[in-house]
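Structure at a glance
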Amino acid sequence: MLTRAAPPRPLPPGTLVELPEEPTYRLKRRLLGRPLHTDQLAHERLGKPTALAVFASDNLSSSAYATEEILHVLVPVVGLAAFSLVVPITGAMLLVLGILILSYRQTIKAYPSAGGAYVVTRDNFGIVPAQVAGVALLLGYVLTVAVSVAAGAAALTSTFEALHPYRVGIACAFVAVILFGNLRGVRESGKVFAVPTYFFMLNMAVLIGVGLARFLTGDLPTADLEQEGLVELGDPGTGLLLGASAFLVMRAFAQGGAAVTGVEAISNGVPAFKPPEWRNARSTLVVMGAALGVMFFGLSALAAEMQVVPHEDGVPTVISEIGGLVYGDGLVGQVLYLCLQAGTTLILILAANTSYADFPRLANFQAGDSFLPRQLTKRGHRLVFSNGMLALSAASLVLVIGTGASVQRLIPMYAIGVFLSFTMSQAGMTRHHLRLKEPGWRLGVVINGVGAAVCALVCAIVAATQFTRGAWVIVVVVPILVVLLLRLHRQYVAEDVELERDVHAAATAPIMRRHVVLVFIDQLDRSSARAIQYARSLTPDDLRAVHVAADEQAAAELADEWRRLGLARLPLELVECPDRRVPRAALEVVAAALADGQTEVSVLIPRRLYRRAWHRLLHDRTADDIAEALARLAHANVTFVPYHFAEGEAVDTVDVAAL
């Protein structure tokens, strides 16, 4: 027998109704903590020490592998002569770093709200060039995550060689851990990741200090060149470049270009600093550049003096070899070595945190300009752009798995996108100074103009020398993505124009002469009765129940039950459907009701809601198919009338005569 819920009792005014939370939300709260209110956003700011850990980990971590990447290019061609070239190449790269630090100090001051390449290019060259800079930066951030976790996996497997076959899985696990930490919020991730950053910097200071002391006392050992798995040594030559071609030196320079990636991260994240934001950001930028310069140059100098040749498969790493030689085999040396490896592994893994701080912000800017899906503008449970973080993680995992977590395969793709964004940012700042002529603009033109020229030169070198080694991927992908973003923008603009046109006229337009309500039912049950009850409350001009008769016997049984229960006051329309295309038959019924052009049709469809997800698998989705088919008709409005299973409410007999 059909039943209905007992009439609800009115609640006293002001009564708060407590509703149970969804299981998924309870799980999210347990994992990520309580939700942060929007007004707490101002308190999620970072001081300089924490900001250095959040925004500089990518830049600082590159010192752990940049020297090795230079040697990977030089040693197979010029052999031991590579150690005479690695320090000058490092010096040239640090000169570029210095120019970038000066340039981005200008950028931070000019754009304290957010001074990344995207915003600078947009304001000075227009929206389309900005997409080139934005895409290049987004790809750079994705590659930062991939390179960082791959290098972290290499550092870990250098210490525990038995884990080497599992490096791809380990790298993927690192991505998951960093994602989880960042979803908990900016301040929490900063606190978690600050300790490893400073631990790494301390270990590098100890390594370089001990190495320098042993060098000054003549006690610095050299590496064993007879080890298995080393890169095959080439033959040194004569001349200024010791037998290396200019092209080879430029390729080594390009390969080491990873050392200066991450410089732009602070300028992209200025709003995350505590007030005064721009001043704190500039100070942090200088500290970051100075720390990287010392670590990168110190490691290259030790590698050159000790003649540490990289291994073919990257394990053990050059920094691991240097640490083992500098610290020796004693107990204290072994402890220091393990600390160095732990610090290196952690900083390489957490270098990806820079991308998690900046990728979502940049995606938010582009989505706000309607060049990326607008879901990327939404802040999540802990006031972070969680959708951007999820997108970053997914893209990074594709790269890690696709390259087998190989740093050597990822690096050629890495630098070109970053230097392209550097070039556009500095060119934009040069135009900014020329356009506004603010106090000190001439010095700004010199600094940013030189920065743009140097970055353009480095970008050209990277593209030319690394094109066949993987840089072609970025060269091809950037214009494709820019075209897709422009297409997405046109779609958003078209939608906005359509939705904003004649809003008042549409809202005040005369209503249709007739209102027809059709209740589509499959069988007579409580969910159908609930839909009929709701339909009656709409007081339409015409109310009908409609059954699409895909099964003639079931239709006949429904008609008999309809008459038996005395529902003759509500017409039941049986629609023949011999081909069993239920959505198509429903479409034809509604189209016929709309044919006079004076009718508004409301279609009510009962929908059963289940407590458990697997219960949904026991039933088809015909209701959704019908709704999708009717969506193409103007003035046809579809409403799902929910029926909740197992709510535990008191019920009594339905007054079928009232239906």
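Read on for an overview of the structure. What you are looking at is a predicted structure, and each value in this text was computed from that prediction instead of being measured.

1. Regarding the overall build of the protein chain
Tallying secondary structure elements over the protein chain gives 23 helices and seven strands in all. Counting contacts in the protein chain only where the partners sit at least 6 residues apart, residues at least 24 apart contribute 82% of the total. When the accessible area of the protein chain is evaluated, it comes to approximately 31000 Å², of which 61% is carbon and sulfur surface.

2. Re the pattern of salt bridges
Tallied over the full model, the rule gives twelve salt bridges. In this structure, the salt-bridge partner of D369 is R122, at a minimum N-O distance of 2.8 Å. Remark: R122 occurs in helix α5 (residues 117-125) and D369 occurs in the loop between α14 (352-368) and α15 (386-403); sequence separation between them is 247 residues. Ionic pairing is found between D542 and R544, a salt bridge with its closest N-O pair at 3.2 Å. One connected set of salt bridges, linked through shared partners, spans R514, D542, R544 and E573.

3. A word on helix α2 (residues 48-61)
Taking 1.5 Å per residue, 14 residues should reach 20 Å; α2 reaches 18 Å between its end C-alpha atoms and fits that length. Maximal helix bending in α2 amounts to about 55°, located at F55. Among the 14 residues of α2, eleven are classified as buried, and the element is accordingly described as predominantly covered. Inspection of α2 places A51, L52, A53, V54, F55, A56, S57, D58, N59, L60 and S61 among the buried residues, and these make up the whole buried set.

4. Here's the deal with the sheet that holds strand β6 (residues 636-644)
Here we have five strands laid out as an open sheet, ordered β4-β3-β2-β5-β6, and parallel in their pairing. Because the sheet does not close on itself, it has two edges, and the strands there are β4 (572-576) and β6. Pairs of neighbouring strands in the sheet enclose a mean axial angle of 30°, with direction left out of account. Across five bridges, the pairing between strand β3 (residues 542-549) and β4 is parallel. Its bridge partner being in β4, V546 is matched across the sheet by E573. Along the sheet, helix α22 (residues 582-594) contacts β2 (514-520), β3, β4, β5 (599-609) and β6; its crossing angle with β5, the most-contacted strand, is approximately 150°.

5. Quick word on unusual backbone geometry
Cis geometry marks the peptide bond from P275 to P276, where omega comes out at -10°. Mapped onto the elements of the fold, P276 is located in the loop between α10 (265-268) and α11 (277-306). Even without being glycine, K437 reaches a positive phi, approximately 50°. In this structure, K437 sits in the loop between α16 (407-436) and α17 (441-466).

6. Section: a nonpolar patch on the surface
Taken together, F467, W472, V475, V476, I480 and L484 make up a surface patch of nonpolar side chains, about 540 Å² in accessible area. Relative to the elements of secondary structure, W472 occurs in helix α18 (residues 471-500).

7. Details of the side chain of N124
In this fold, N124 is placed in helix α5. Residue N124 is classed as buried on the basis of its relative accessible area, which comes to 4%. Of note is the side chain of N124, whose polar atom sits 3.4 Å from the backbone nitrogen of H432. The residues touching N124, leaving out its near neighbours within four places in the chain, are Y111, G428, R431, H432 and R435.

8. Quick look at the pairing of β2
Buried residues dominate β2, accounting for five of its seven residues. With six bridges joining them, β2 and β5 adopt parallel strand pairing. Each residue of the ladder has a partner; that of L518, found in β5, is V603. Pairing of β2 with β3 involves five bridges; the strand directions are parallel. For V517, the partnering residue across the bridge sits in β3 and is L543.

Rules and cut-offs
Residues numbered from 1 in each chain as written. Predicted model: local features only at pLDDT ≥ 70, side-chain atom pairs only at ≥ 80, totals over all residues. Heavy atoms only, no water. Helix = DSSP H or I, 4+ residues; strand = E, 2+ residues; numbered from the N terminus. Contact = heavy atoms within 4.5 Å. Areas by Shrake-Rupley, 256 points an atom, 1.4 Å probe, with all protein chains shown as cover. Salt bridge = Lys/Arg side-chain N within 4 Å of Asp/Glu carboxyl O. Expected span 1.5 Å × (residues − 1). Bend = angle between axes of the 7 residues up to and from the residue. Buried < 20%, exposed > 50% of the residue type's maximum accessible area, 1.4 Å probe, protein only. Pairing = 2+ DSSP bridges. Axes fitted to C-alpha atoms, helices over the stretch in contact; angles between N-to-C directions. Patch = residues over 30% accessible without salt bridge, like charges linked within 9 Å, V, L, I, M, F, W, Y side chains within 5 Å. Polar contact = N/O pair within 3.5 Å; in protein donor to acceptor, adjacent residues only side chain to side chain.

This is a description of form; function is not addressed.
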